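Report on the structure
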Amino acid sequence: MTMPTTLQLAVDARGVARITMNRPEVFNAFNELMIAELAQAVEQLSADASVRLIVLAGAGKAFSAGADIQWMKRASEASQEENLQDARRFAQMLHLIADCPKPTLALVQGLALGGGVGLAAACDIALASADAKFAVSEARFGILPAVIGPYVVNAVGPRQARRLALTASRITAEQALTMGLLHEVVATTADLDAALERWVAELLLNGPLAQGEIKRLIAQLEIGPVTAEVRELTAQTISRVRMGDEAKQGFAAFLAKQPAPWVPQADSDSTTN
């Protein structure tokens, strides 16, 4: 992987990858380069069999202030076709995060604004410190949260998404937790890594192929009637997965009262590179 200029990347001995957005001077607002580097990093980590999960974080005081205003200004002066291609690249980056076959976790401190909310919503699990503030702020600039919209709706539902987008007002971490944007709120930013370790420990107990199958299946399910097609999808999926090597290893380990082969050993050191 080409070393990025807007990100810091680390993978520990357990296969826990950490992507840290590293533009603290602009509160990790993303521009064309960061979008491209995030897409490349997520795509390559997703394809790496040694990587078990991906953590997305921000350097400095903020998670992400969303779109860099200079990038948005350039887009406003570009042609329709240039704007469309630019928006497609942003949409593809969010899709790569949401579609990643490995669990993804967002660590939010300080501010998550606009596209920063979209990044958190695209991840499977989002944790934040109590002082974090969130805003779907696009309307303040005369635009709308179009590309991030599906991920925000999936996280909080249509009515709360409308409230966030129409008012563009900031909400607290506790409010974000209540509406489903977050999964845990800790007292301070210093507590985020300890909370992350609890989630990581739980995730690493489970089969990596099973986790990928879980994400693919849930992505195909919608709230509503359990139709014949849905029942067939679920039956086909479980019948295929439980015949695989990972399932056989998991059953055998359980019956032998031994850890499954994918569970890290207790004395494993966590090192970065």
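In this report, we go over the structure that sits alongside the text.

Conventions used here
- Just so you know, the residues in each chain are numbered from 1, in the order the chain's sequence is written.
- Note on the predicted model: pLDDT of at least 70 is required for a residue's local features to be given, and 80 or more for side-chain atom pairs to be given and counted; whole-chain, interface and lining totals, by contrast, use all residues.
- Note: side-chain values were computed over all heavy atoms of the structure, leaving out hydrogens and water.
- Note on ring pairs: Phe, Tyr and Trp rings are taken, using the six-membered ring of Trp, and paired if centres are within 6.5 Å. Classes follow the plane angle, with under 30 degrees stacked, over 60 edge-to-face and the rest tilted.
- Helical segments are the DSSP runs of H or I of at least four residues, strand segments are the runs of E of at least two, and each set is numbered from the N terminus.
- Summary of the burial criterion: residues with accessible area below 20% of their type's maximum are buried, those above 50% are exposed, and those between are partly exposed, where the area comes from a 1.4 Å probe applied to protein chains only.
- Two kinds of site are reported from a 1 Å grid over the protein atoms alone, namely cavities, where a 1.4 Å probe fits but cannot get out, and pockets, open sets with protein on both sides within 12 Å along at least five of seven lines, and residues are called lining when an atom falls within 4 Å of a point.
- Grid points are joined across faces, edges and corners, and a volume is the space filled by probe spheres set on the points.
- For this scheme, ten residues count as nonpolar: Ala, Val, Leu, Ile, Met, Phe, Trp, Tyr, Cys and Pro. Four count as charged, namely Asp, Glu, Lys and Arg, and the remainder, Gly too, count as polar.
- In this analysis, two residues are considered to be in contact whenever any of their non-hydrogen atoms come within 4.5 Å of each other.
- Here, a strand pair is defined by DSSP locating no fewer than two bridges between the strands.
- All axes here are fitted lines through C-alpha atoms, helices being fitted over the stretch that makes contact, and every angle between N-to-C directions spans 0 to 180 degrees.

**Regarding the packing of aromatic side chains**
Applying the stated criterion across every chain, the model contains three aromatic pairs. Note on tryptophan 71 and phenylalanine 90: the rings are 6.1 Å apart at their centroids and 90° apart in plane angle, and the pair reads as edge-to-face. Taken together, the residues span a long stretch of sequence, with tryptophan 71 in helix α2 (residues 69–76) and phenylalanine 90 in helix α3 (residues 80–98) at a distance of 19 residues. Grouping residues by exposure puts tryptophan 71 and phenylalanine 90 together as buried.

**Things to note about the layout of surface pockets**
A volume near 1100 Å³ is recorded for the largest pocket. If you go around the largest pocket, you meet 32 residues; those closest to its centre are Ala98, Asp124, Asn154, Ile218 and Ala219. Of all the secondary-structure elements, those providing two or more residues to the lining of the largest pocket are α3, α4 (115–122), β6 (125–129), α5 (149–156) and α9 (208–219). Counting residues per element, the lining of the largest pocket draws most heavily on α9, at seven residues. Per-class residue counts for the lining of the largest pocket are 20 nonpolar, seven polar and five charged.

**Topic: the side chain of asparagine 31**
You can see asparagine 31 is positioned in the loop between β2 (16–21) and α1 (32–47). Residue classification places asparagine 31 among the buried positions, given a relative accessible area of 13%. Setting aside residues no more than four positions away along its own chain, asparagine 31 makes contact with Arg23, Asp68, Trp71 and Arg74.

**Here's the deal with the sheet that holds β2**
Ordered in space as β1-β2-β3-β4-β6-β9, the six strands form an open sheet in which the pairing is mixed. Edge positions in the sheet fall to β1 (7–11) and β9 (184–186), since each has one partner strand and no second. Across this sheet, the average inter-strand angle for adjacent strands is 20°, counted without regard to direction. Both β1 and β2 contribute to a ladder of five bridges, which runs antiparallel. Paired with glutamine 8 across the strands is threonine 20, a residue of β2. Running over the sheet, α4 touches β2, β3 (53–58), β4 (104–108) and β6 and is turned about 140° from β4.

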